[in-house]
Amino acid sequence: MKPIQVGLLGIGTVGTGTFNVLQRNQEEIRRRAGRGIEVTMVADLDVARAQAIVGTHAQVVNDARAVIANPDIDVVVELIGGYGIAKTLVLEAIAAGKHVVTANKALLAVHGTEIFAAASAKGVMVAFEAAVAGGIPIIKALREGLTANRIQWVAGIINGTTNFILSEMRDKGLNFDVVLKEAQRLGYAEADPTFDIEGVDAAHKATLMSALAFGIPVQFDKAYVEGITALSSADIRYAEQLGYRIKLLGITKRVAGGVELRVHPCLIPAQRLIANVEGAMNAVMVQGDAVGTTLYYGKGAGAEPTASAVIADLVDIARLAAADEAHRVPHLAFQANAMSDLPVVPMSEVVTSYYLRLSVADEPGVLAKVTGILAQSGISIDAVLQREADKVGGEGATQTDLIILTHDTREGTMNEALALMQALPTVKGPIHRIRKEALA
Ligand code: HSE
């Protein structure tokens, strides 16, 4: 059978990885796909650099539309990123009848509904394994491997930059800013690192996983997003003393009122496998009613791990391009006409347990006032720890860190209790609140 012809839009890190792996493993990939997969055209603004990477194997142009307009190209691989020109080009490629492979989680999390609808109308595939957790085949797992299950929840470390930062802060006691610079130097961070550290990148990925897990439309705008910029090394240390690790988790969960969709730092019991995922590695846990808990671990970024996911999509397309749409795996795992309207529940309705750190005056009655507010709010305490605060500790200290772990309560209830505690004159400075997940 004639090889499938691929056009790359952008040949940066992932594009180069994709080209190299396709070259290196071409025979193995052909045996698996049933036909060859060849990159025959590349669009990149830096034509000379792109030409140096692909040599004589592919034609290089500086205009992405020339790739889309080429009738010989079967699949367009979008590796530009962002919601701007990438969106226009993806829609133009679909309109031109090309299948699309993309690593662009931001684009699909925000504009996925429009893009998947356009693809279905045109009878082409939009594949995005590389958009979530790089080389880990989590899209494949959710769309196919776990298809028998009623998924209960998905929770993942799906941003390598923040996991690297948290690991280094814990291991070396370094400050956030120092470690962020190192993460950027190592190439883990997005071009704009605020997407990483503010939790936006993880929320894009969690949004895609919520759609795949529950058959709901992509709804990034409904996600609760909180990053790691407010975390201090004191929180990491106290969590450790209490038997927990702090991780930035993307969580989506089926609950009575709908679906939770949230990204925020979490205390996780240190004995969980996922609590021990360190550095820039990613891991995703999926709980299904039939399979129980499963865990997927691997590199969430980098040239060849991400290329591994891009090429898996190309192989799927090579195998399924001739099948009519009804016989392909649906874009979002559920048939387009069988999507659910389960709402994403507001964060105030989410039920979790909490870690609270209060800087309080070290004087009689302070603990009683704080615990009194929690008692009035119906919030049950799991553990209390009092420690001399970093800066004001030592002999004669007048201020102390009070750490409280609570049992499960509604976020809205906790917010009200936090406001009351914050107003106490004996509470010095902002109260730090981190949610806790058992992941049992
Ligand atoms: N900036 C992302 C991360 C890269 O740190 O995980 C992969 O999406």
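Up top is the structure these notes are about.
Scoring rules and cut-offs
- Residues numbered from 1 in each chain as written.
- Predicted model: local features only at pLDDT ≥ 70, side-chain atom pairs only at ≥ 80, totals over all residues.
- Heavy atoms only, no water.
- Core = buried A, V, L, I, M, F, W, Y, C linked by side-chain atoms within 4.5 Å.
- Buried < 20%, exposed > 50% of the residue type's maximum accessible area, 1.4 Å probe, protein only.
- Helix = DSSP H or I, 4+ residues; strand = E, 2+ residues; numbered from the N terminus.
- Contact = heavy atoms within 4.5 Å.
- Salt bridge = Lys/Arg side-chain N within 4 Å of Asp/Glu carboxyl O.
- Phe/Tyr/Trp six-rings, centres within 6.5 Å; stacked < 30°, edge-to-face > 60°.
- Lys NZ or Arg CZ within 6 Å of the ring centre and 35° of its normal.
- Axes fitted to C-alpha atoms, helices over the stretch in contact; angles between N-to-C directions.
- Parallel < 35°, antiparallel > 145°, perpendicular 65-115°, else oblique.
- Left-handed = near helix turned anticlockwise from the far one by under 90°.

Visitor: Quick question: what am I supposed to make of the nonpolar core here?
Guide: One recurring pattern in soluble globular proteins is that nonpolar side chains are buried together. In this structure, F128, I138, L142, I165 and V286 are the most contacted members of the largest nonpolar core, which totals 83 residues. Looking at which element gives the most residues to this core, the answer is helix α11 (residues 200-214), with 10 residues. Once residues within four sequence positions are removed from consideration, I138 is found in contact with E129, V132, A133, M209, V284, V286 and Y296. Core analysis: the next-biggest nonpolar cluster, separate from the first, contains 33 residues, L22, A33, L79 and A103 among them.

Visitor: Is there a simple way to think about the pattern of salt bridges in this case?
Guide: For side chains bearing opposite charge, pairing can occur when the charged atoms are close. Within the structure shown, the criterion is met by 26 salt bridges. Between K87 and E114 there is a salt bridge; the shortest N-O distance is 3.1 Å. You can see K87 sitting in helix α5 (residues 85-95) and its partner E114 sitting in helix α6 (residues 105-122), a full 27 residues away along the chain. Classification of K87 as buried rests on a relative accessible area of 18%. Residue R262 is joined to E260 by a salt bridge in which the shortest nitrogen-to-oxygen separation is 2.8 Å. There is no split in this pair, since R262 and E260 are both buried. Because the salt bridges share partners, they merge into one network encompassing R170, D171, E240, R245, K247 and E278.

Visitor: What exactly am I supposed to notice about the packing of aromatic side chains here?
Guide: Aromatic ring pairs: the centre-centre distance and the angle between the two ring planes describe each pair. This model, assessed by the stated rule, comprises 1 aromatic pair. Ring centres 5.6 Å apart and planes at 45° place the aromatic pair F116 and F128 in the tilted group. Of the two residues, F116 sits in helix α6 while F128 sits in the loop between β6 (126-127) and α7 (138-145), which places them 12 residues apart along the sequence. For the pair formed by F116 and F128, the shared burial category is buried. The residue whose ring lies beneath R237 is Y238, and the NZ or CZ to ring-centre distance is 5.6 Å.

Visitor: I would appreciate a short explanation of the environment of I274 in the present structure.
Guide: Within the element layout of this structure, I274 appears in the loop between β10 (258-269) and β11 (281-288). Overall, I274 belongs to the buried group, its relative accessible area being 1%. Leaving out residues up to four positions away in the same chain, I274 has contacts with A155, G156, I157, K247, I268, A283, M285, L295 and L439.

Visitor: For this particular structure, what's the right way to read the packing of helix α14 (residues 366-376) against helix α15 (residues 411-422)?
Guide: For any two helices packed against each other, the geometry comes down to the angle between their axes and how far apart the axes lie. Closest axis-to-axis distance for the α14/α15 pair is 9 Å, and the angle between their directions is 155°. Taken together, the axes of α14 and α15 are roughly antiparallel relative to one another. Crossing geometry of α14 relative to α15 is assigned as right-handed. Contact with α14, carried on its side by V370, I373 and L374, involves A417, L420 and M421 of α15 and no other residues of that element.

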